[in-house]
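Chains, contacts and geometry: an overview
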Amino acid sequence: MKTAVLVSAAMIALMPLAPTPSAQPAPPRYVFSSEVTGQVPIRIPLVNPHYPVDAVAEANALASDVNAERAKRGVPALTRDETLDRFAYAKAVEMAARGYFGHTDTNGITFQDRLRTWRWPTSYAAENIAFDWDEPHAHSAFMNSPGHAQNLLDPNERKIGVAVVNVGDRETFYVEDFSAK
């Protein structure tokens with residue numbers, strides 16, 4: 001049985017892909033997969049923060065991009081799940097409000113702990129998180145990371161929950177949660 005915690009390398013992309021439009025330094029870009037064990041949350045110094053804002057259109061685009069990647073490879077599309085969307089949103093807002101990035105929060109609560117707390121019906125689940133400029137960059141980072149791509153292309157996954165929360169200019173948290181049930 002697959003567990004959400006497998007040993008895999010996480011990609012951390014720190015270099016911007018395009019020039020920054022303003023004189024302010026570009027915020028760092030990070031990508032983590034729930035497959036990484038022993039992860040320590042990263043403190044994120046936000047450049048120009050504001051109250052977390054739910055970016056529904058970007059979340060819908062991210063879910064569409066996941067299913068487009070699956071279709072290219074002949075893998076069945078994932079169904080959006082309201083509970084998984086709320087699970088992903090809770091994680092994105094928590095990271096944004098507490099200024100950290102990681103599957104394990106600053107109190108040591110892990111992805112598996114959150115699944116148990118939400119009484120999720122299977123441990124066959126995975127999570128991708130990113131802190132990036134926009135949806136195309138976040139999706140590209142997921143696809144260019146073997147662990148993330150494996151999560152979103154897994155043929156055994158059936159459901160997806162997605163959340164995108166913006167906290168500043170080009171400072172956005174992306175969360176994708178996958179489940180077999």
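To keep things clear, this report deals only with the structure shown in the data block. Quick caveat, the model's predicted, so the values are computed rather than measured.

Take the nonpolar core next. Among the nonpolar cores identified, the biggest contains 19 residues, and L152 and F178 are the most heavily contacted of them. At the level of elements, α1 (56–72), β6 (125–132), α4 (135–143), α5 (146–153), β7 (159–168) and β8 (171–179) are the ones that each hand at least two residues to this core. If one sorts the elements of this core by residue count, α1 sits on top with four residues. Not counting residues up to four positions away in its chain, the partners in contact with L152 are V66, E69, R70, N128, F142, M143, E176 and F178. Residues A92, A163, F173 and V175 belong to the second largest nonpolar core, which totals 14 residues.

To continue, consider the packing of α1 against α4. Taken N-terminus to C-terminus, the directions of α1 and α4 make an angle of 35 degrees; their axes are 10 Å apart at the nearest point. Of the two elements, α1 crosses α4, and the hand of that crossing is right-handed. Counting all contacts with α1, which are made through E58, A61, L62, D65, V66 and E69, the residues of α4 involved are E135, H139, F142 and M143. Across the contact of α1 with α4, the residue classes tally to five nonpolar, one polar and four charged.

Our focus in this paragraph is the pairing of β7. With respect to burial, β7 is a largely interior element, nine of its 10 residues being buried. Where strand β3 (residues 53–54) meets β7, two bridges bridge the pair, whose relative direction is antiparallel. Directly across from D54, in β7, lies its bridge partner V165. Pairing between strand β4 (residues 79–80) and β7: two bridges, direction parallel. Residue pairing in the sheet places R80 in a bridge with I160 of β7. Pairing geometry for β7 and β8, over nine bridges, is antiparallel. Residue K159 lies in a different strand from β8, and its bridge partner there is S179. Between β7 and β8, which follow one another and run antiparallel, lie two residues, and R170 among them has a positive phi close to 60 degrees.

Structurally, A92 can be placed in helix α2 (residues 82–98). Judged by relative accessible area, A92 falls into the buried class, the value being 0%. With 80 residues separating them along the chain, A92 and T172 place their C-alpha atoms 9.0 Å apart.

Conventions adopted
Residues numbered from 1 in each chain as written. Predicted model: local features only at pLDDT ≥ 70, side-chain atom pairs only at ≥ 80, totals over all residues. Heavy atoms only, no water. Core = buried A, V, L, I, M, F, W, Y, C linked by side-chain atoms within 4.5 Å. Buried < 20%, exposed > 50% of the residue type's maximum accessible area, 1.4 Å probe, protein only. Helix = DSSP H or I, 4+ residues; strand = E, 2+ residues; numbered from the N terminus. Contact = heavy atoms within 4.5 Å. Axes fitted to C-alpha atoms, helices over the stretch in contact; angles between N-to-C directions. Left-handed = near helix turned anticlockwise from the far one by under 90°. Nonpolar A, V, L, I, M, F, W, Y, C, P; charged D, E, K, R; others polar. Pairing = 2+ DSSP bridges.

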